[in-house]
Amino acid sequence: MRRYRFGRIAALFAAIYVVAVVLSGVLALATGDPALLREIVTGGWDTDFMPYTWWVELLMVAGGILQGWAYWQVLRGRPIGAAAVNERPVRLLRAAMYLSVACTLLYRLPIPYQWWFGLPSDLLQVAIVGLFFVVLAGSLPRWLRLLGLVAGLANAAMGLAATFAYGLGQYDIVPFVSPYRLGNVVYLLWLVPVLAGQARDTRWTRGTVRMGGAAAALSLLSSGGSSIVSFGGSGVDYDLLLLMVLSILGVFGTVWQARSAHDLGGPIPVPSPAPPVQVAPARAWPLAAVAVVLPVIPAAVNLADGMPVWIGPRGAVDDLFHGYVSYPATVLWVAVDLLVGVGAPAVLVLVAVVRRTRRLLRVTMLLLTLAAAAGVVTALTTKSEADWRIIPDMTEERLALYPDGLFEPDEKGDILFGLSPLWYSLALAASAFVLLALYGAPPAARLRHHVLVTALATSVVLCFLPAADQSRGPITTAASCSPPEPWENGVATKEPAPLTGVRAFICAVRQHNAFDFAATTPDQVLLAHGRRLCAAYTRDDPRELARLQDTEGENVRDLSWVLAGICPAANAKVTAEAAAEDREFDETMAEERRKCDATPSHRPLIKPAKAIRLKEPEWPEAGLDLYDEFAGEGKSTTAGPVTAEPGRVTVSTDSDLHVCVTLETYPRRPPVETKGWQDVVEVGYANQSGEMSFMDGLSGTVLPDLSLNGRKGHYRIRVHFAWSPWKGEKYGTQRLLIMAYPGPGDQVTTYRKPPKR
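Criteria and cut-off values
- Residues numbered from 1 in each chain as written.
- Predicted model: local features only at pLDDT ≥ 70, side-chain atom pairs only at ≥ 80, totals over all residues.
- Heavy atoms only, no water.
- Helix = DSSP H or I, 4+ residues; strand = E, 2+ residues; numbered from the N terminus.
- Buried < 20%, exposed > 50% of the residue type's maximum accessible area, 1.4 Å probe, protein only.
- Contact = heavy atoms within 4.5 Å.
- 1 Å grid on protein atoms, 1.4 Å probe; cavity = no way out; pocket = protein on both sides within 12 Å on 5 of 7 lines; lining within 4 Å.
- Points joined across faces, edges and corners; volume = space filled by probe spheres on them.
- Nonpolar A, V, L, I, M, F, W, Y, C, P; charged D, E, K, R; others polar.
- Core = buried A, V, L, I, M, F, W, Y, C linked by side-chain atoms within 4.5 Å.
- Pairing = 2+ DSSP bridges.
- Phe/Tyr/Trp six-rings, centres within 6.5 Å; stacked < 30°, edge-to-face > 60°.
- Expected span 1.5 Å × (residues − 1).
- Axes fitted to C-alpha atoms, helices over the stretch in contact; angles between N-to-C directions.
- Salt bridge = Lys/Arg side-chain N within 4 Å of Asp/Glu carboxyl O.
- Lys, Arg positive; Asp, Glu negative; His and termini not counted.
- Polar contact = N/O pair within 3.5 Å; in protein donor to acceptor, adjacent residues only side chain to side chain.
- pLDDT = per-residue confidence, 0-100.
- Disulfide = S-S within 2.5 Å.
- Parallel < 35°, antiparallel > 145°, perpendicular 65-115°, else oblique.
- Left-handed = near helix turned anticlockwise from the far one by under 90°.
- Patch = residues over 30% accessible without salt bridge, like charges linked within 9 Å, V, L, I, M, F, W, Y side chains within 5 Å.
- Areas by Shrake-Rupley, 256 points an atom, 1.4 Å probe, with all protein chains shown as cover.

Caption draft 1: Fine view of the overall build of the protein chain. A count of helical and extended segments in the protein chain gives 27 helices and twelve strands. Taken over 757 residues, the protein chain has a buried fraction of 42%. Of the contacts made within the protein chain by residues no fewer than 6 positions apart, 76% connect residues no fewer than 24 positions apart.

Structural data, given as structure tokens:
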């Protein structure tokens, strides 16, 4: 600490901060209230958006400790010794970077945020970009400095424009001045050349360059100008959690700026001699060829089946890139997916075998191990029917970066992905193990992280053992449990019989992910697990059920709907509950019919062409619509419960209550009746199809045809609405009388409306 100008003061402040973080973390875990912890670490995150979760709070404590380390790095100042005598551009750069760090720390102060707080940082970024262009003149080629200058100024201009747009409330402009698809690519086009120049310049230490590299990697993952939308909820929102974690890890960028300024103020460090390049001894080429060929084997099998990808759009790893990081990082992930899928790791292994440098070999083994682990995670987290397939827009976005037609559903609706990622994991892990066995450093030269690499490789191999001691058996997919709808294949089919027995159980598990099993788990494993839970369900021993809840996370009493197909006790409960629900529904509908029967019947003043009083009460969820799909656009008018526009008439009703409906069609204009009605409104409607049926798409309600024997042309629609009392209820039930007759005119006429709405 004495090696830095303000080392002791910085260490004291960092220690106080870390102690405050740890104590607030203990308080959060003891009371379940993380408000103080989150206020200290992240500036406050309401539990309505991110509910208290013990592991999230531990993550916040770890983030707070990281921030304490960052404060020490920022506040400790330049190294002790004679201050460097710098030229004016270097002094200005150092001052600008310190001011930029101060602006960043300003956000941590407990003061109300104002939109113009971002303007000083944006303006300082312009100065820093220009000064780095001058200061790195002797370290980088001119063309590379020009590239960084242009990219840096463009990024600063985008930041200024976005700040003004947010401040002036012009949110629609933000996607144009800061496109989300760019992420932080423009910023990285400036930062990466700067880091390259710092690495060549003796004024900056390797530690400073490493901090900048970490900041660059986080910038690639960060969504840049895009925002994450969340509605909160009762569980952990991983979008918001990622935003919280990235905001904490943003301290690496602040540390890089502070250390860059510190290094410019202290004496120029004496460059240490570059360590000699260590080359591993050559081995027999057939053994080395095994390491090269292994990654090609699963790729060749996949390519033979026309599948050039390694993982594809499935599993938790792919979800991370498609749903939680920047678009450029997603593009990079898809490129890696295709490269591994066609066997590109074999090229990396070949280069490592030919050059045999210790560093290249370590990096190669690490990358192979990480890829193997990603394949295992994908296999364990792949769902047979992903949520994104339900929404066409999400499906199109998820597959947009892959070649067209690569993941088309088959006749059963399943998407074929080729080989399981586990085969790739096995090949990649085996290749890393062969490299380690052939070119591992001798015990005296081994680094400590070799142990970590070996442990990871061993763990990946062990992941395959549980599946090797049992036969696979059939695997029912979620898609196969649901037959295709008639409109999907153009062939009319009968309503399928409800599933029963073992198939009902298997399909309930597959379609709803009822158990924590992979989608590739054989049916026989699920069935054995279900029968074990059925035995516990039937015994209904509280101690046994509590033990299952604690050890396996299975609330057996709530699984009766899953176990009903194979468990008589669960089936009896489900049957009894269904019968009770049916009785309750029948009683409710009988009550609603009595309400409608009690309403007065309408007596037409002239004879209608047809009159229909619906026997069953209707229950529209979004009102009743009469519309023509070929109608033009125009102004809409609302009067009482009726809204009219060209080619459309909407009748609004209370979605919580049923409606008693009467429909009447007249050959000529009927007399106006207002007695007993609260609203009477008449509008025009052009019937181009010959059919006029009010409907509600949400509830599936479709009323009988109101047209006059299929007559096309212009009609007048008269809507009568009233509330009918029932046994002292506040509202009772709704009455609706709709008349239709041929007639011209689109004007909206209100014959009656309540005195006050």
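Caption draft 2: Summary view of empty space enclosed by the protein. Using the criterion set out here, one finds three cavities of 30 Å³ or more in the structure. Estimates place the volume of the largest cavity at around 80 Å³. Surrounding the largest cavity, Val-129, Phe-132, Phe-133, Leu-136, Leu-140, Leu-144, Arg-145, Gly-148, Leu-149, Trp-190, Pro-193 and Val-194 form its lining. Put simply, the parts of the chain that give the lining of the largest cavity at least two residues each are α5 (118–135), α6 (142–167) and α8 (185–200). Considering each element in turn, the lining of the largest cavity owes the most residues, four residues, to α6. Looking at the lining of the largest cavity, its residues break down into ten nonpolar, one polar and one charged.

Caption draft 3: Here's a closer look at the nonpolar core. Ranked by size, the top nonpolar core spans 40 residues in total, and within it Trp-310, Trp-333, Val-349, Val-353, Phe-407, Leu-435 and Tyr-439 carry the most contacts. Only α12 (285–293), α14 (315–323), α15 (327–341), α16 (345–355), α17 (358–381) and α19 (421–439) provide two or more residues apiece to this core. No other element matches α19, which puts eight residues into this core. In this structure Leu-435 touches Ala-291, Val-349, Val-353, Thr-364, Met-365, Leu-368 and Gly-440, once residues within four positions along its chain are discounted. Ranked by size, the runner-up nonpolar core spans 33 residues in total, among them Val-135, Leu-140, Val-194 and Val-255.

Caption draft 4: Main features of the pairing of strand β7 (residues 679–687). Burial within β7 is extensive, with eight of its nine residues counted as buried. The sheet contact formed by β7 and strand β10 (residues 713–724) spans nine bridges and is antiparallel. When the sheet's bridge partners are listed, Asp-679 is paired in β10 with Phe-721. Two strands pair when backbone bridges link them, and β7 and strand β12 (residues 749–752) are joined in this way by three bridges, in the antiparallel orientation. Bridged to Glu-682 within β12 is Thr-749.

Caption draft 5: Highlighting the environment of Gly-745. Inspection of the secondary structure assignment puts Gly-745 in the loop between β11 (733–742) and β12. For the pair Gly-745 and Tyr-685, spaced 60 residues apart in sequence, the C-alpha to C-alpha distance is 8.4 Å.

Caption draft 6: Geometry of the packing of aromatic side chains. Per the stated rule, a full pass over the model turns up 13 aromatic pairs. Ring geometry for Phe-132 against Trp-190: centres 6.0 Å apart, planes inclined by 70 degrees, an arrangement best described as edge-to-face. Pair noted here: Phe-132 is in helix α5 and Trp-190 is in helix α8, with a separation of 58 residues, a long-range link. You'll find Phe-132 and Trp-190 in the same group, each marked buried.

Caption draft 7: Here's a closer look at the pairing of strand β6 (residues 659–665). Burial within β6 is extensive, with seven of its seven residues counted as buried. Neither face of β6 is open: one carries Val-659, Val-661, Leu-663 and Thr-665, the other Cys-660, Thr-662 and Glu-664, and all of them are buried. Taken together, the seven bridges between β6 and β11 define a ladder with parallel strand orientation. When the sheet's bridge partners are listed, Cys-660 is paired in β11 with Arg-735.

Caption draft 8: Spatial organisation of helix α9 (residues 206–221). Under the 1.5 Å per step criterion, the end-to-end length of α9 is 23 Å for 16 residues, consistent within 8% with the ideal 22 Å. Restricting attention to buried positions, one finds in α9 the residues Gly-207, Thr-208, Val-209, Met-211, Gly-212, Ala-215, Ala-216, Leu-218 and Ser-219.

Caption draft 9: Local environment of the sheet that holds β12. Taken in spatial order, the six strands make up an open sheet running β1-β6-β11-β10-β7-β12, and their pairing is mixed. Looking at which strands have only one partner, the edges of the open sheet turn out to be β1 (610–613) and β12. The average undirected angle you get between the axes of adjacent strands in this sheet is 20 degrees.

Caption draft 10: Broad picture of the pattern of salt bridges. Under the definition given, this model contains twelve salt bridges. As a salt-bridge pair, Asp-540 and Arg-557 come within 3.1 Å of each other at their nearest N and O atoms. Separated by 17 residues along the polypeptide, Asp-540 in the loop between α24 (523–539) and α25 (542–552) and Arg-557 in the loop between α25 and α26 (560–563) bring together distant segments of the chain. When its relative accessible area of 38% is taken as the criterion, Asp-540 is described as partly exposed.

Caption draft 11: How the structure looks around the side chain of Arg-259. Mapped onto the secondary structure, Arg-259 falls in helix α11 (residues 251–265). One buried charged side chain, Arg-259, makes no salt bridge at all; its nearest oppositely charged neighbour is Asp-263, positioned 5.3 Å away. Of note is the side chain of Arg-259, whose polar atom sits 3.4 Å from the side chain of Thr-205. Those residues in contact with Arg-259 that sit more than four places away from it in its chain are Gln-73, Arg-76, Thr-205, Gly-207, Thr-208 and Met-211.

Caption draft 12: How the structure looks around the side chain of Thr-665. Within the secondary structure, Thr-665 is located in strand β6. With residues near it in sequence (within four places) discarded, Thr-665 still touches Pro-608, Ala-609, Lys-610, Leu-706, Ser-707, Leu-708 and Ala-740.

Caption draft 13: Structural detail: the confidence of the model for the protein chain. When pLDDT is averaged across the protein chain, the result is 83; 87% of the residues are at 70 or more. Per-element averaging of pLDDT across the protein chain places helix α22 (residues 486–489) at the bottom with 49 and β6 at the top with 94. Predicted confidence is poor over residues 225–234, with pLDDT under 50, and the contacts of this stretch with residues over four places away or in other chains come to 16 contacts. Overall, residues 460–471 carries pLDDT values under 50, and its contacts beyond four positions in sequence, including any with other chains, amount to 13 contacts.

Caption draft 14: Local environment of the state of the cysteines. Across all of its chains, the model carries three disulfides by this definition. Across a sulfur-sulfur distance of 2.1 Å, Cys-481 and Cys-507 are joined as a disulfide pair. Residues Cys-481 and Cys-507 are joined through a disulfide that is left-handed, its torsion about the S-S bond being -85 degrees. Taken together, the residues span a long stretch of sequence, with Cys-481 in helix α21 (residues 478–481) and Cys-507 in helix α23 (residues 501–512) at a distance of 26 residues. Grouping residues by exposure puts Cys-481 and Cys-507 together as buried.

Caption draft 15: View of the packing of helix α4 (residues 88–106) against α11. Where α4 contacts α11, the axes come no closer than 9 Å and their chain directions differ by 150 degrees. Compared by their axis directions, α4 and α11 come out roughly antiparallel. The hand of the α4/α11 crossing is left-handed. Contact with α4, carried on its side by Val-90, Leu-93, Arg-94, Met-97, Tyr-98, Ser-100, Val-101 and Thr-104, involves Thr-254, Trp-256, Gln-257, Ala-258, Ser-260, Ala-261, His-262, Leu-264 and Gly-265 of α11 and no other residues of that element. Residue classes in the contact of α4 with α11 are distributed as nine nonpolar, seven polar and one charged.

Caption draft 16: A nonpolar patch on the surface, seen in detail. A grouping of Leu-29, Tyr-52, Trp-54, Trp-55, Leu-58 and Leu-59 is seen on the molecular surface, where their side chains present a nonpolar patch of about 540 Å² in accessible area. Among the elements that line the nonpolar patch, the one with the most residues is helix α3 (residues 54–75), at four residues. Inspection of the secondary structure puts Leu-59 in helix α3. Given the relative accessible area of 34%, Leu-59 is considered partly exposed.

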